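Take a look at the letters that make up each chain.
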Amino acid sequence: MAKNAQLDVTEGTLEHELPYLALGSGRPLVFLRWFTPDHANPRGWMRDSEIATLTPLARHYRVYAVNRAPGMPDGTTMADIATQHAAALRAEFGGPVDVLGASSGGSLALQLAADHPAAVRRLVIASSGYRLEDHARRSQLRYAEAVAEGHRALHHMAPITASSPLLGRLGAAAMWLADPLARPKNPADTLAFVRAEDGFDLSGRLGDITAPTLVIGGERDSAYSPATFRHTADGIPNSRLIIYPGTSHMGAIKHPRFAADIADFLDAA
């Protein structure tokens, strides 16, 4: 509790009902959340985990962890979601702001920077790329469709969260058991966002991103290959790439150098 008080943790909503959790102090840094079952701020151990993950960044910035809006209509595109976020950031901050997108949030951050360059000062893409790779797309879609049908679904995500096939099998068993504790309150939101990311592909538009960009990935990411990280960085005119050796999908975001590398980039002259 004391640690959270020192970080000045607050919650609220931005325009278009985008839920956010903010912590730390300093220049604002908008963190676009990874894939989450619910379009809401996390609760319980998930909230504590998110705060712990963002605390190193909150020592440098006022971090706004922003989620997608609830009640997402079927047929929504990533471009639609980016337009909502651009309007919300403009209303909240009045000008361009630093943006960090992780995993699925990285897909949204790339779309935001390509479609609404005036909204982004500097861009960081973590454990994400210009499009979902085929196996990640299949896993997410199986998960979302099973959720929508009321079936156990979490185990479908195991192949993109584990760093090896063996860990994937063990993880799938554990996730199958844990599924009732992690089911989304609104499966329609889950399915709508997964379908939006399923159609996301910026392979022909990376050159439209004008914000200075840092791409960070893990060498052993099970959702994105190093080749995808390199292609993403190579396609953005003013970008640099960091790949952490021997590091997994979420391991890159929890890497000891993650916050320092981002601070060095965001604070560069």
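Before reading further, recall that the structure is shown in the block above.
Residues numbered from 1 in each chain as written. Predicted model: local features only at pLDDT ≥ 70, side-chain atom pairs only at ≥ 80, totals over all residues. Heavy atoms only, no water.

At a minimum axis separation of 9 Å, helix α3 (residues 78–93) and helix α4 (residues 104–115) run at an interaxial angle of 70 degrees. When the axis of α3 is compared with that of α4, the two are roughly perpendicular. Residues Met78, Ala79, Ile81, Ala82, His85, Ala86 and Leu89 of α3 pack against Ser107, Leu108, Gln111, Leu112 and Asp115 of α4. Looking at the contact of α3 with α4 residue by residue, the classes come out as eight nonpolar, three polar and one charged. (Axes fitted to C-alpha atoms, helices over the stretch in contact; angles between N-to-C directions. Helix = DSSP H or I, 4+ residues; strand = E, 2+ residues; numbered from the N terminus. Parallel < 35°, antiparallel > 145°, perpendicular 65-115°, else oblique. Contact = heavy atoms within 4.5 Å. Nonpolar A, V, L, I, M, F, W, Y, C, P; charged D, E, K, R; others polar.)

A few words now on the packing of aromatic side chains. Applying the stated criterion across every chain yields a total of six aromatic pairs. Between Phe35 and Tyr143, the aromatic rings sit 5.8 Å apart at their centres with planes inclined by 80 degrees, giving edge-to-face as the arrangement. Of this pair, Phe35 sits in the loop between β3 (28–32) and α2 (44–58) while Tyr143 sits in helix α5 (residues 134–148), and the two are 108 residues apart along the sequence. Classification of Phe35 as buried rests on a relative accessible area of 15%. The exposure class of Tyr143 is buried, given its relative accessible area of 1%. Lying across the ring of Phe193, Arg68 places its NZ or CZ 4.3 Å from the centre. Above the ring of Phe265, the side-chain terminus of Arg122 is found at 5.0 Å from the ring centroid. (Phe/Tyr/Trp six-rings, centres within 6.5 Å; stacked < 30°, edge-to-face > 60°. Buried < 20%, exposed > 50% of the residue type's maximum accessible area, 1.4 Å probe, protein only. Lys NZ or Arg CZ within 6 Å of the ring centre and 35° of its normal.)

In short, geometric facts, not functional conclusions.
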